[in-house]
Amino acid sequence: MDRSIDYGNLMHEAMRGLIRKVLLDVAQNGLPGAHHFFITFDTSHPDAELADWLSDRYPDEMTVVMQHWYDNLEVGDDGFSITLNFGDLPEPLYIPYDAIKTFVDPSVEFGLRFETHSSDEDDDAATPRPSAKVPKPAARPASKAKDDREAAGEAGKDAEIVSLDSFRK
């Protein structure tokens, strides 16, 4: 029997561990400086937990922004739970690390993307292909950002759901 090192899965586990360590630090110490996260995850993952209205609206994937307002961040071995505000409606979420598709911190131009590709030998099994490419955030005029904050009343009280298409090359 041939034995080989599965570098793809090892990278996959290491990158998920990095996300876990970052979230543990944030849970203990809060978000430092301008750091914030765009986290895209598979809403159909069997262990993901979110309100029915969110899973109905986002049946495949959803991107959440963890920035100014979040609550009850609890980091576990297999995933994390957090309460985010969706239009003045706090909603608890549980996101397994295996459900995460992208993790981006645009304040420092850092990003992780997890891709799966079916192999020719087994179409049912997806092989994770981690990527550490750093997406460049779309430039946004400072006046537009200020107008958005003023229109919201209080800066950052609502979680944003954004499309990461502008970050992809």
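Each chain has its residues counted from 1, following the order in which its sequence is written. Selection of residues for local features in this predicted model requires a pLDDT of at least 70, selection of side-chain atom pairs for listing and counting requires 80 or more, and totals for whole chains, interfaces and linings are taken over all residues. Excluded from the side-chain calculation are hydrogens and water; included are all heavy atoms of the structure.

Caption draft 1: The overall build of the chain, seen in detail. Each helix is a run of DSSP H or I of at least 4 residues and each strand a run of E of at least 2, with the numbering of both proceeding from the N terminus. Looking only at helices and strands, one finds 3 helices and 8 strands in the chain. Written out in order from the N terminus, the α and β elements of the chain read α-β-α-β-β-β-β-β-β-β-α. For each residue, the accessible area found with a 1.4 Å probe, counting protein chains only, is set against the maximum for its type, and the residue is called buried under 20%, exposed over 50%, and partly exposed in between. Per-residue burial over the chain gives 34% buried out of 169 residues. Residues count as neighbours in contact if any of their non-hydrogen atoms are within 4.5 Å of one another. In the chain, of all internal contacts separated by at least 6 residues, the share reaching a separation of at least 24 is 57%. As presented, the chain carries roughly 10600 Å² of accessible surface, and 48% of it is formed by carbon and sulfur atoms. In these tables, accessible area is a Shrake-Rupley quantity obtained with a 1.4 Å probe, and a residue counts as shielded only by the protein chains included in the view.

Caption draft 2: View of a nonpolar patch on the surface. A patch consists of residues exposed above 30% relative accessible area that lack any salt bridge, with like charges linked at up to 9 Å and nonpolar side chains (Val, Leu, Ile, Met, Phe, Trp, Tyr) linked at up to 5 Å. One speaks of a salt bridge when a side-chain nitrogen belonging to Lys or Arg is within 4 Å of a carboxyl oxygen belonging to Asp or Glu. A surface patch of nonpolar side chains, amounting to about 340 Å² of accessible area, comprises I5, Y7 and L10. Take L10: it is sitting in helix α1 (residues 7-29). Relative accessible area serves as the criterion here: at 45%, L10 is assigned to the partly exposed category.

Caption draft 3: Highlighting unusual backbone geometry. The phi torsion at N72 lies on the positive side, around 55°, for a residue other than glycine. Considering the arrangement of structural elements, one finds N72 in strand β3 (residues 71-75). For N72, a relative accessible area of 44% gives the class partly exposed. The backbone of D88 shows a phi angle near 65°, a positive value even though the residue is not glycine. Relative to the assigned elements, D88 resides in the loop between β4 (79-85) and β5 (90-96). With a relative accessible area of 63%, D88 lands in the exposed category.

Caption draft 4: Region of the structure containing the nonpolar core. Among buried residues, those of type Ala, Val, Leu, Ile, Met, Phe, Trp, Tyr and Cys that are joined through side-chain atoms within 4.5 Å constitute a nonpolar core. In this structure, V64, F80, L93 and I100 are the most contacted members of the largest nonpolar core, which totals 30 residues. Looking at this core element by element, the count peaks at 4 residues for α1. Once residues lying within four places of it in the same chain are set aside, the contact partners of I100 are R16, I19, I39, T40, F41, F80, I95 and F114.

Caption draft 5: Structural detail: the environment of H68. Checked against the element boundaries, H68 lands in the loop between β2 (61-66) and β3. Once the C-alpha coordinates of H68 and H36 are considered, the two residues, 32 residues apart in sequence, prove to be 8.2 Å apart.

Caption draft 6: Expanded view of α1. Helix span, as expected, comes to 1.5 Å for every residue beyond the first. Given a rise of 1.5 Å per residue, 23 residues ought to cover 33 Å, and the 33 Å separating the end C-alpha atoms of α1 matches this to within 8%. Within α1 the residues assigned to the buried category are H12, M15, R16, I19, L23 and V26. Positioned one or two residues after α1, G30 has a phi angle of 80°, which is positive.

Caption draft 7: Geometry of the pairing of β3. A strand pair is defined by DSSP finding two or more bridges across the two strands. In the sheet, β3 pairs with β4 via 3 bridges, with the strands oriented antiparallel. Residue pairing in the sheet places E74 in a bridge with S81 of β4.

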